[in-house]
Amino acid sequence: RPAVQIDGVTKSFGNTPALEPCWMKIKRGEFLTLLGPSGCGKTTLLNLIAGFLEADNGELFLGEDLVTQVPPHKREIGIVFQNYALFPHKTVAQNVEYGLRTRGVPKEESRARVKEALSLVKLENFADRKPRQMSGGQQQRVALARALVIRPRVLLLDEPFSALDRNLRVSMQIELKEIQTKLGLTTIFVTHDQNEALSMSDRIAVMSRGRVRHVGSPQEIYEHP
Ligand code: ADP
Ligand code: ADP
């Protein structure tokens, strides 16, 4: 079974079609990027996979399970958005711990897992800071740790680095790729930046106007964009 399977899924908002029938299989451990201009339906597809939106037609599987039949806290989907939306008054450790609290993970185990997640994003010495005492890049790493701490079956990232300056963006791309490879994490990454897609992905799904136009390796997409 693929990690994620999208079977003829569509979504409209009122009379506006946001996603035309879409089929895709994402393998375990694969890094797949949804690439396309603003408004082409990337976020809609991501929200459908996360179960935040309900499809009009078709079916969406996480492994064996229909997404809509898995209760939200059991979906084990890690999500990182562009605007990281950390709790400003909580410390880094408390922010990262949040998903474990809601899942009832015991305190002891929780502490160890927060430490492990912070170490993955190289912020082990920042546990007691508040988000506002940190740079944009560091805050986005906290958001990544918060997504990783639940040991997600799938990691979803929606333009996570687009608010960062160019150099930082590139170093974050490298870091994310290292973590993803190390953990063998199934990852779906949304971007409108072709270079970003080319440098990180195992496969790229090129989207425009609500359609997945083609899916291919970075090499294939580079040669036939
Ligand atoms: P992208 O992530 O590629 O920028 P979106 O998935 O956000 O694209 O949007 C796809 C289309 O659906 C756009 O036309 C957008 O205006 C529309 N859309 C997205 N979300 C909503 C919503 N909640 N209500 C109405 N229209 C929406
Ligand atoms: P910026 O958005 O300012 O580029 P960075 O996330 O790259 O932010 O980090 C800002 C500074 O903090 C850099 O000098 C970096 O070396 C330092 N820094 C980042 N992570 C750590 C860490 N885990 N331990 C010590 N210093 C760090």
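Look up: the structure comes first, before these words.
Residues numbered from 1 in each chain as written. Chains lettered and ligands numbered in written order. Predicted model: local features only at pLDDT ≥ 70, side-chain atom pairs only at ≥ 80, totals over all residues. Heavy atoms only, no water.

This paragraph deals with empty space enclosed by the protein. Within this structure, the stated rule accounts for 2 cavities of 30 Å³ or more. Every element with two or more residues in the lining of the largest cavity is listed here: helix H1 (42-50) and strand E7 (154-158). Ranked by residue count, the leading element in the lining of the largest cavity is H1, at 3 residues. Broken down by class, the residue content of the lining of the largest cavity amounts to 6 nonpolar, 1 polar and 1 charged. In this structure, the second largest cavity occupies an estimated 30 Å³ of space. Lining the second largest cavity, in full, are Arg141, Leu144, Phe161, Met172, Glu175 and Leu176. Residue assignment for the lining of the second largest cavity shows that the elements contributing at least two residues are helix H4 (136-148) and helix H5 (166-183). (1 Å grid on protein atoms, 1.4 Å probe; cavity = no way out; pocket = protein on both sides within 12 Å on 5 of 7 lines; lining within 4 Å. Points joined across faces, edges and corners; volume = space filled by probe spheres on them. Helix = DSSP H or I, 4+ residues; strand = E, 2+ residues; numbered from the N terminus. Nonpolar A, V, L, I, M, F, W, Y, C, P; charged D, E, K, R; others polar.)

For the rest of this paragraph, the subject is helix H3 (residues 107-120). For an α-helix, the turn length of 3.6 residues means that residues three or four places apart are oriented alike. Counted at 1.5 Å a residue, the expected span for H3 with its 14 residues is 20 Å, and the 20 Å between its end C-alpha atoms agrees. Listing the buried residues of H3 in full gives Ser110, Arg113, Val114, Ala117, Leu118 and Leu120. All buried residues of H3 fall inside an arc of 150 degrees around its axis, so they share one side. Turned more than 90 degrees away from the buried face of H3, the exposed residues are Glu108, Arg111 and Lys115. Elements in contact with the buried residues of H3: helix H2 (92-102), H4 and H5. Of the residues trailing H3, Lys122 is marked for its positive phi of about 60 degrees. (Expected span 1.5 Å × (residues − 1). Buried < 20%, exposed > 50% of the residue type's maximum accessible area, 1.4 Å probe, protein only. Arc of directions from axis to C-beta. Contact = heavy atoms within 4.5 Å.)

The full set of residues close to ligand 2 is Lys122, Leu123, Phe126, Ser135, Gly137, Gln138, Arg141 and Leu168. Note that an oxygen atom of ligand 2 is positioned 2.6 Å from one of the side-chain N or O atoms of Ser135. In this structure, a nitrogen atom belonging to ligand 2 sits 3.1 Å away from a side-chain N or O atom of Arg141. Here the shell around ligand 2 takes 3 residues from H4, the largest share from any one element. Class assignment of the residues belonging to the shell around ligand 2 gives a composition of 3 nonpolar, 3 polar and 2 charged. (Near = heavy atom within 4 Å. Polar contact = N/O pair within 3.5 Å; in protein donor to acceptor, adjacent residues only side chain to side chain.)

So, on to unusual backbone geometry. For Arg151, which is not glycine, the phi torsion reads 50 degrees and is therefore positive. Unusually for a residue other than glycine, Glu159 sits at a positive phi of about 45 degrees. Relative to the helices and strands, Glu159 resides in the loop between E7 and H5.

Moving on, we come to the sheet that holds strand E2 (residues 16-26). The strand order across the open sheet formed by 4 strands is E2-E1-E4-E5, and the pairing between neighbours is antiparallel. Unpaired on one side and paired on the other, E2 and strand E5 (65-66) mark the two borders of the sheet. Looking at chain direction, strand E1 (residues 4-13) and E2 are connected through 8 bridges and run antiparallel. Of the residues in E2, the one forming a bridge with Val4 is Ile26. (Pairing = 2+ DSSP bridges.)

Every other side chain in a regular strand lies on the same face of the sheet, so the side chains alternate between the two faces. Of all 6 residues in strand E8 (residues 186-191), 6 are buried; the element is thus mostly enclosed. Because side chains alternate across E8, one face comprises the buried residues Thr186, Ile188 and Val190, and the other comprises Thr187, Phe189 and Thr191, equally buried. Of the strand pairs in this sheet, strand E3 (residues 31-35) and E8 are connected by 5 bridges, and their pairing is parallel. Along E8, the bridge assignment pairs Phe31 with Thr187. By the bridge criterion, 5 bridges tie E7 to E8 in an arrangement that is parallel. In the strand pairing of E8, Leu155 is matched with Thr187.

Applying the stated criterion across every chain yields a total of 0 disulfides. Here Cys22 is not cross-linked by a disulfide; its sulfur's nearest cysteine counterpart is in Cys40, at 11 Å. Among the residues examined, Cys22 registers a relative accessible area of 2% and is labelled buried. For Cys40, a relative accessible area of 1% puts it in the buried group. (Disulfide = S-S within 2.5 Å.)

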